Amino acid sequence: MDETILTSDKPSDSSPLNPPSRSICHVCQKQFSQYTCPRCNSRYCSLQCYKSHSLQCTESFMRENVVEELQQMQPDDETKQKMLDILKRFHSEEETDSMDVDDSILTEETIQKILSGDQISFDDLSAEEKKRFQRAIASGELSKMIDPWEPWWLKPSARRISLSKEGTQLVQPLVEHEASVSLQDDDLESYQSSEIPHGPESPLPPVSKLSSAEPSPLLAVHLVDILYSYCFTLRLYNGDWQSDAIGSALAVLSMSSVLGQGGQPETVLEALSYCLEQICSPAYRHMGGLQFGLGLIDDVISILSLGSSALVCLLSDTHRLIQAGERELKSEKQKKLRRVELRSKLKFAERKIYFIMCWVYEQPSEAWSSLATIVGAEKSSVMNYEGNRQSVKMNNRSETKGKVLIEEIE
């Protein structure tokens, strides 16, 4: 049955026995319409026609419908919406600078999906859109729109973390009205601005109750591996791992040989070398490569210098991160084999983190300053090695330039 072309404003009814009709754009009267204005039901074919069909209509729609929908979104979607707003703001700024549609990052179709309230992920972009988006990131155009995140372990309040004898928080979070009544003004400001992760909610059992065997002497090395992976993940997600729990959990697994591969590194250098290798891999090289990786070692040293209470809070946050990833994995549509494999890895990581958290709380405080010194020494050795390697590479390059690469055979 031939499809019908409509030029009137009447909506067309479609059913399995009556195929959908195609109507002409009510604005340009040249192309087939692909979209319908959610406010006035006018049919149009492109973003340009949408903008020109009714200024009052488009402004009212953006002001009433979109804003209202943003306010009704669930808290879990807040961070994803922030990126959506950044993309729309960046595109609008580009349109102000230039009327050339080809210069924008996103195509009209993608922008239309955003305006309609659809969620767009990086995988939904075309190959050209991905290239433009990555160029915008590399040039800093997008990053300057995001407020810089200050890691909680670098804040002065991180040095004042206290836990009970059982390893739980001394002060439990208060509901909003209780906080306003119970806390003094200075304490309330500190409470509201604090981003220190909470400690365990229940008392930590002795390690002897978790395992009859003696704890491995390599646990300190494994701790360094986990600390590095946590710092990497939080910097990757700008401090907000809750915005993508399963993505954050997978980032931890990919960076940690202990949690992701069941590895047993025997030295701090071995643990750091694996992490640096992952940082310099194609998957994460865009974040800054080796220099970014070395900066994460400084994060590990800073955390170790805070002592047992901060380490327990960090491991407790990592434990929650992995658990959140498990919960989100259950709701995702993935192949059964893939889901079972990931769930098994996350379960192993959850148990490993909890065991190390209990072990950490039993260790003397001076152990962490000693471990921080070792990590700092290994970082220096890595930097010296890299400096020597670059020097040798430059020397070899200069020697190669001075030689005849192809000799004439007489």
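Residues numbered from 1 in each chain as written. Predicted model: local features only at pLDDT ≥ 70, side-chain atom pairs only at ≥ 80, totals over all residues. Heavy atoms only, no water.

The protein carries the name HIT-type domain-containing protein in an unreviewed UniProt entry, which gives Castanea mollissima as its organism.

Student: What's the story with the overall build of the protein in this structure? I'm lost.
Tutor: A count of helices and strands for the protein gives 16 helices and four strands. Looking at the protein as a whole, 38% of its 410 residues are labelled buried. For the protein, restricting intrachain contacts to residue pairs at least 6 apart in sequence, the fraction spanning at least 24 positions comes to 64%. Summed over its atoms, the accessible surface of the protein is roughly 24,800 Å², and 51% of this surface lies on carbon and sulfur atoms. (Helix = DSSP H or I, 4+ residues; strand = E, 2+ residues; numbered from the N terminus. Buried < 20%, exposed > 50% of the residue type's maximum accessible area, 1.4 Å probe, protein only. Contact = heavy atoms within 4.5 Å. Areas by Shrake-Rupley, 256 points an atom, 1.4 Å probe, with all protein chains shown as cover.)

Student: Looking at this structure, I do not really get the environment of P200. What am I missing?
Tutor: Among the structural elements, P200 can be located in the loop between α7 (185–193) and α8 (207–210). Judged by relative accessible area, which is 7%, P200 ranks as buried. Counting along the chain gives 31 residues from P200 to Q169, while the straight-line C-alpha distance between them is 6.8 Å.

Student: How should I be thinking about the pattern of salt bridges in this particular structure?
Tutor: One side chain can pair with another of opposite charge once the charged atoms of both are near each other. One pass over the full model with this rule turns up five salt bridges. Put simply, R320 and D317 hold a salt bridge, and the shortest N to O gap is 3.6 Å. Taken together, the residues R320 and D317, both in helix α14 (residues 308–331) and three residues apart, mark about one turn of the helix. Classification of R320 as partly exposed rests on a relative accessible area of 24%. (Salt bridge = Lys/Arg side-chain N within 4 Å of Asp/Glu carboxyl O.)

Student: Explanation requested: the packing of aromatic side chains in the structure shown.
Tutor: Geometrically, a pair of aromatic rings is defined through the distance of the ring centres and the angle of the planes. Considering all chains together, one arrives at six aromatic pairs under this definition. Relative to Y44, the ring of Y35 lies with its centre 5.7 Å away and its plane at 35°, an arrangement referred to as tilted. Each of the two residues, Y35 as well as Y44, counts as buried. Ring geometry for W153 versus Y230: centroids 6.2 Å apart, planes at 55°, classification tilted. Of this pair, W153 sits in the loop between α5 (127–139) and α6 (176–182) while Y230 sits in helix α9 (residues 219–236), and the two are 77 residues apart along the sequence. Accessibility assignment for this pair places W153 and Y230 in one class, buried. Cluster of aromatic residues (ring-pair linked, three or more members): W149, W152, W153 and Y230. (Phe/Tyr/Trp six-rings, centres within 6.5 Å; stacked < 30°, edge-to-face > 60°.)

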